Amino acid sequence: MKKLITLLIIIIIFISLGCKEESKSDIATNIKKINVLLPQTPSSLPTYFALKDNPYFSIDFFLNHSQANAKFLRGDAQLLLTGISVANSFSSQGVEFDLISSHVDNLTHLVSNQEINSLADLKNQTIVFPFADSPMELLFTAIAEKNKLFKNQDYSVQYNAFDTSLQLLQQGSDLLVWLPEPFASLAENKFDLKVSLSLNQLFIDNLADFNSTQVVLLSKDLDLRNVASINYLTKVYIDSLRSQPEKFISLLPDDFPNRQAYTPKTIIRTSYFYLAGEDLNNSITKLYNLIDRKNYLAERVLDLN
C-alpha cells in the first residue's frame, strides 16, 4: 500500500510540473522556464536537488543579495530562497508574493583566531555581523541579553562583509565573526581558523524550543500545483540531507558554488528543518514576538491544506 501511495505521489508531481512526452531539446525550445534564485550557501541544497534535473526550471546561484532581490521584484524570477528579514521587508512594502516554506533554521557559527567555549568568553570582545539589524544580530542580541551580556556595555559590535571579515581574521585579527556556512567551513579548512559557537544551538539552549525559520522560499505567480510539488520535493531532500550528509556531498558537481568548502560537517552545521502552512506561520509569529519586531508575514504564508 505504501509503495502504491508513493508511486501515485510521484506521478502527480511529474504531471503537475508539466512533464510531457517531449525530448529535452523540444522542451527547451517550446516552454518558458520557471527561474529560481538560490544563494551560494548550503541552504540551497534541498531546492537545488529537487529541481536541478527538471527542464522546466532554470537555477541561478547568486552572491549579491540586492541584485537577486531586484530580479525577483521585477518578476524576472518566480522563486527566491532568502532570509526571513528580506521576506518581512518585502511584505512591509506591499510586495505581493507567497511564502511557501522554510528550509533552514540557522547556518551561522562564530569564527575567530581564539578558543571560544561559551558565551562568557565573549565579554569585552568585538563581535562582527554583516550589517546592522541582520537576523543573526537580532537573535544573538536576545541570546546575549538573556545571559546578562549587553551591547556596547559588555561587548562591542562591528559590521563587515563576509569577505572583509575573513581577510581580517587571516591577518590575525582578534575579532569574533558570525559567519554562515559554507564560509565557516572555508575559514576552518582553508585558513585554519577556529569555528566554535552555533547560533542555532544557542537559540535552542537559551531562548525557545520553536524553529527560528531563518531561510525561506518565496514564490511569485506560480500555479499552486507547482508550489505543492516543490514543497513536497524539498521536504524529501531536507529529510535526506539530515540523515545522509556524506551521500549528498558526493553528489555535488565540481562547478557547484564554493564546492571546495563543502564537507559532511558543512551539512551537519546547517540546521535543515522544513516548515510550511500553519506550523510555519506559528513559528514566525513566535520569532517576531521574541525579537520584538513587527511581523508582516502572516498574510504571505501560503497554506495548501
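Residues numbered from 1 in each chain as written. Predicted model: local features only at pLDDT ≥ 70, side-chain atom pairs only at ≥ 80, totals over all residues. Heavy atoms only, no water.

Q: Looking at this model, I keep getting lost on the overall build of the protein chain. Mind explaining?
A: Per the secondary structure count, the protein chain includes 13 helices and 11 strands. For a compact globule of 305 residues, the expected C-alpha radius of gyration is about 19 Å, and the protein chain comes in at 20 Å, within 12% of that figure. By principal-axis analysis of the C-alpha atoms, the protein chain measures approximately 65 × 45 × 40 Å. Taking the intrachain contacts of the protein chain between residues at least 6 apart in sequence as the baseline, contacts between residues at least 24 apart amount to 76%. For the protein chain, the computed accessible surface area is about 14800 Å², with 49% contributed by carbon and sulfur atoms. Taken as two groups, the 27 positive and 33 negative side-chain charges of the protein chain have centres that lie 3 Å from each other. (Helix = DSSP H or I, 4+ residues; strand = E, 2+ residues; numbered from the N terminus. Rg over C-alpha atoms; globule rule 2.2 N^0.38 Å. Contact = heavy atoms within 4.5 Å. Areas by Shrake-Rupley, 256 points an atom, 1.4 Å probe, with all protein chains shown as cover. Lys, Arg positive; Asp, Glu negative; His and termini not counted. Charge placed at Lys NZ, Arg CZ, Asp CG, Glu CD.)

Q: Sorry, what's going on with the sheet that holds strand E4 (residues 98-104) here?
A: Each strand in a sheet pairs with its neighbour through backbone hydrogen bonds, running either in the same direction (parallel) or in the opposite one (antiparallel). The six strands lie next to each other as E2-E1-E3-E10-E4-E11, forming an open sheet whose pairing is mixed. Strands with a single pairing partner mark the edges of an open sheet, and in this sheet they are strand E2 (57-62) and strand E11 (272-275). Ignoring strand direction, the axes of neighbouring strands in this sheet form an average angle of 25 degrees. Pairing of strand E1 (residues 34-39) with strand E3 (residues 79-83), which is carried by two bridges, proceeds in the parallel orientation. The residue of E3 that forms the bridge with Val-36 is Leu-79. The sheet contacts of helix H4 (residues 65-74) involve E1, E2, E3 and strand E10 (215-219), and relative to E3 the element is tilted by about 140 degrees. Together, E3 and E10 form the strand contacts of helix H5 (residues 84-92), whose direction differs from that of E3 by roughly 110 degrees. (Pairing = 2+ DSSP bridges. Axes fitted to C-alpha atoms, helices over the stretch in contact; angles between N-to-C directions.)

Q: Would you take a moment to explain the nonpolar core for this structure?
A: Nonpolar side chains tend to gather and get buried jointly when the protein is soluble and globular. Ranked by internal contacts, the top residues of the largest apolar core, which has 46 residues, are Phe-97, Leu-99, Leu-122, Phe-140, Trp-178 and Leu-218. Looking at this core, the elements with two or more residues in it are H4, H5, strand E6 (126-129), helix H6 (135-146), strand E8 (176-180), helix H9 (199-206), E10 and helix H13 (277-290). Of all the elements, H6 adds the most residues to this core, at six residues. Leaving out residues up to four positions away in the same chain, Phe-140 has contacts with Leu-119, Leu-122, Ile-127, Phe-129, Tyr-155, Trp-178 and Leu-199. Listed in part, the 32 residues of the second largest apolar core include Ile-238, Phe-248, Phe-256 and Tyr-272. (Core = buried A, V, L, I, M, F, W, Y, C linked by side-chain atoms within 4.5 Å. Buried < 20%, exposed > 50% of the residue type's maximum accessible area, 1.4 Å probe, protein only.)

Q: Is there a simple way to think about the packing of H5 against H13 in this case?
A: A pair of packed helices is characterised by two quantities: the angle between their axes and the separation of those axes. Following both chains from N to C, one finds H5 and H13 inclined at 90 degrees, their axes separated by 13 Å at the closest point. Judged on the interaxial angle alone, H13 and H5 are roughly perpendicular. Together, Ile-84, Ser-85 and Asn-88 of H5 and Ile-284, Leu-287 and Tyr-288 of H13 make up the contact between the two elements. A class-by-class count of the residues in the contact of H5 with H13 yields four nonpolar, two polar and no charged. (Parallel < 35°, antiparallel > 145°, perpendicular 65-115°, else oblique. Nonpolar A, V, L, I, M, F, W, Y, C, P; charged D, E, K, R; others polar.)

Q: Please clarify how H9 should be interpreted in this entry.
A: Count 3.6 residues to each turn of an α-helix, and residues three or four apart come out pointing the same way. Here H9 has its buried residues at Leu-199, Asn-200, Leu-202, Phe-203 and Asn-206. Around the axis of H9, the buried residues are gathered within 160 degrees of arc, so they sit on the same side. In this fold, the buried residues of H9 make contact with strand E5 (108-112), H6, E8, strand E9 (194-198) and H13. (Arc of directions from axis to C-beta.)

Q: Mind showing me how you'd approach the layout of surface pockets here?
A: Remark: the empty space left among the atoms is shown by a probe the size of a water molecule rolled over them. The space that makes up the largest pocket amounts to roughly 990 Å³. The wall of the largest pocket is formed by 38 residues, among which His-65, Pro-130, Phe-131, Phe-162 and Pro-180 lie closest to the centre. With five residues, helix H7 (residues 162-170) is the largest single contributor of residues to the lining of the largest pocket. Broken down by class, the residue content of the lining of the largest pocket amounts to 20 nonpolar, 17 polar and one charged. (1 Å grid on protein atoms, 1.4 Å probe; cavity = no way out; pocket = protein on both sides within 12 Å on 5 of 7 lines; lining within 4 Å. Points joined across faces, edges and corners; volume = space filled by probe spheres on them.)

Q: Even after reading the chapter, I still don't get the sheet that holds E6, so can you show me in this structure?
A: Read across the open sheet, the five strands follow the order E7-E6-E8-E5-E9; overall the sheet is mixed. The two strands at the open ends of the sheet, each matched to only one other strand, are strand E7 (156-159) and E9. For this sheet, the mean inter-axis angle between neighbouring strands, taken without regard to orientation, is 35 degrees. Against the sheet, helix H8 (residues 183-191) contacts E5, E8 and E9, and its axis sits at roughly 120 degrees relative to E8.

Shape descriptors only; they carry no functional weight alone.
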